[in-house]
Amino acid sequence: MSWMKHPGKIHVLTFSISDLWVGEGADSGRFAYRFEWGNYNRYVITTGYVGFQLKMDGIILKPVFSSVNGDLYFEGGNYILYRHQTGGMILMVASKDTWSERYTIFPGYRPISWYNRETGETEGDAWWQGGIPTQNTAEFRPYGTAEGTKIVEFYMPHWKKTKNALGSTSSSYLTSNVLGTYTDTDGVQEDLIVGVRMWRDNNGTNYCKSIEKKNGSYVYDSIHRDYTSEPWVIGDYESPDGWYEGAEPDVENPVTFTFTTNSVNDLNTTIYGLFTHSYNWRYSDVYYDSKTKTFRISVPTVTASVGWLECDETTLNFDLTFAKADETKTYNLVSLLKGSVVNLSTKNGKLIIGEYGSTDGWWECTDAKLQDSVTFSFRHIEKDDLTIIYNRLIFSDSTTQDIVLGEVAIWR
């Protein structure tokens, strides 16, 4: 699925080829290049040949990548067509030697003929002479022992570049480089794409499509799915830090990724339970958020950047009675958790104000309302959605920058 850059520039008879890319692997036999001939100046893709071909009597003549006398030539069937040193185009029947498989007549050969006075006939070589068809066909007239006129037809099945790397169809952008969309001129085969597709989100982050599939799916940098049964994500699926979940990037339509976290079950427990070591929580684990006016519990298994458990003030609005000797004092739990009372601790399953064991005494909470049930619900930080929009074609994905240095383009 790759293309390798061919160095240099090739002149094939009357036309010019530059920026030639040779197909590799599954695309072996395809060529992408800039084709200039007369008013035609565009990138094209051809299969099995470079430049254009000629057709005559149902025979296809293909250009050959072997320079003879400074020119490439065309061959097909038993015919060869080459430029004669006088400047004309010569078409000759060139049979091959059965042992060497080489033509007995080679490009650049100067045909000769003569008139035999004894027989009254022309003898020698048979050839036709004419010019490369500049439109559709050209007429080659017989010389020597040849008979009849040959009609040579311009023949070039190919894909032509119709969109550049950014998807523009403006003709001024179709000759800048090989990247782009190519359309079959016969309208039979599907479009070809030269270049690696790249998307961009609303934060400016780029996502490049991988060259190969992994576990049955392509990878778009941090957009991936480890298995076909899992969703498309940005980040690590089911990570405690959360992840973005969406769909595979699409060329035509934007794709939205939404921040997602593992859901934590709501915690339904007693006030008393919140302050005992049997639950591995202390009163300091419950804190008051003055902005949202809610009470929260930090959960060790869920990082603070992802979520927390919380309830509102009214849920925790309990009056607690503390007793010291024969004295009693009533405190509101909300006020205690807001920090209005210092030296709040637990001891022997009781909530303590003051220093436990002090000679001055301390306050202990023994009110039965501590057994009332409170539900803390899971909440998570809201993050804006990421919208992935197709951006352009580039030469290589971000994981294979060495391919760019080697001048290899990928097309899909």
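Residues numbered from 1 in each chain as written. Predicted model: local features only at pLDDT ≥ 70, side-chain atom pairs only at ≥ 80, totals over all residues. Heavy atoms only, no water.

Trainee: I keep staring at the packing of aromatic side chains and nothing clicks. Help me out?
Mentor: In this description, an aromatic ring pair is defined by two values, namely the gap between the centres and the angle between the planes. Per the stated rule, a full pass over the model turns up 11 aromatic pairs. For the ring pair Phe35 and Phe52, a centre distance of 6.4 Å and an interplane angle of 85 degrees mean the geometry is edge-to-face. Here Phe35 is found in strand E4 (residues 30-37), whereas its partner Phe52 is found in the loop between strand E5 (40-47) and strand E6 (53-56), with 17 residues between them in sequence. Residue classification places Phe52 among the buried positions, given a relative accessible area of 1%. An aromatic cluster of three or more residues is present, and its members are Phe35, Phe52, Phe74 and Phe154. Taking the ring centre of Tyr218 as reference, the NZ or CZ of Lys209 above it sits at 4.3 Å. Here the basic side chain of Lys383 rests over the ring of Phe259, its NZ or CZ set 4.4 Å away from the ring centre. (Phe/Tyr/Trp six-rings, centres within 6.5 Å; stacked < 30°, edge-to-face > 60°. Helix = DSSP H or I, 4+ residues; strand = E, 2+ residues; numbered from the N terminus. Buried < 20%, exposed > 50% of the residue type's maximum accessible area, 1.4 Å probe, protein only. Lys NZ or Arg CZ within 6 Å of the ring centre and 35° of its normal.)

Trainee: Would you mind showing me how to read the pattern of salt bridges here?
Mentor: Opposite charge on two side chains lets them pair, provided their charged atoms get close. A full pass over the atoms with the stated rule returns 3 salt bridges. Residues Glu36 and Arg34 are paired through a salt bridge, measuring 3.9 Å at the closest nitrogen-oxygen approach. Given a relative accessible area of 22%, Arg34 falls into the partly exposed group. A salt bridge links Asp57 to Lys150; its shortest N-O distance comes to 2.9 Å. Note that Asp57 is positioned in the loop between E6 and strand E7 (59-68) and Lys150 in strand E15 (residues 150-155), a separation of 93 residues in sequence. When its relative accessible area of 54% is taken as the criterion, Asp57 is described as exposed. We classify Lys150 as buried; its relative accessible area is 13%. (Salt bridge = Lys/Arg side-chain N within 4 Å of Asp/Glu carboxyl O.)

Trainee: What is the right way to look at the pairing of strand E12 (residues 121-124) in this model?
Mentor: Every regular strand shows the same layout, with side chains that alternate between the two sheet faces. Relative to E12, strand E11 (residues 113-116) runs antiparallel, the two sharing 4 bridges. Among the inter-strand pairings, Ser113 is bridged to a residue of E12, identified as Gly124. The hairpin formed by E11 and E12 contains 4 residues between the paired strands, and Gly120 there has a positive phi angle of roughly 75 degrees. (Pairing = 2+ DSSP bridges.)

Trainee: What is the right way to look at the sheet that holds strand E20 (residues 206-208) in this model?
Mentor: Backbone-to-backbone hydrogen bonds join strands into a sheet, with any given pair of strands oriented parallel or antiparallel. Read from one edge to the other, the open sheet built from 7 strands follows the order E20-E19-E35-E24-E23-E22-E21, with strand pairing classed as antiparallel. Looking at the sheet topology across the chains shown, the edges are occupied by E20 and strand E21 (223-224).

Trainee: Where do I start with the environment of Thr256 in this structure?
Mentor: Within the element layout of this structure, Thr256 appears in strand E24 (residues 255-260). Look at Thr256 and you get partly exposed, because its relative accessible area is 40%. It is 9.2 Å that separates the C-alpha atoms of Thr256 and Tyr244, two residues lying 12 residues apart in sequence.

Trainee: How should the pairing of E5 be read in this particular structure?
Mentor: In this sheet, E5 lies alongside E4 in antiparallel orientation, the contact comprising 8 bridges. Bridge pairing in E5 places Tyr33 opposite Val44. With 2 bridges connecting them, E5 and strand E16 (residues 159-163) associate as antiparallel partners. Residue pairing in the sheet places Ile45 in a bridge with Trp159 of E16.

Trainee: Help me understand the nonpolar core, please; the structure alone is not making it clear to me.
Mentor: As a rule of thumb, nonpolar side chains are buried together in soluble globular proteins. Core analysis: the largest hydrophobic core is formed by 25 residues, its most contacted members being Tyr33, Phe35, Phe52, Leu54, Leu81, Leu91 and Phe140. Among the elements of the structure, strand E3 (15-24), E4, E6, strand E9 (79-83), strand E10 (89-93) and strand E14 (137-144) are those that each provide at least two residues to this core. No other element matches the 4 residues that E4 contributes to this core. Leave out the neighbours within four places in its chain, and Phe140 touches Leu81, Met89, Leu91, Trp128, Gln129, Gly130, Gly131, Thr149, Lys150 and Val152. (Core = buried A, V, L, I, M, F, W, Y, C linked by side-chain atoms within 4.5 Å. Contact = heavy atoms within 4.5 Å.)

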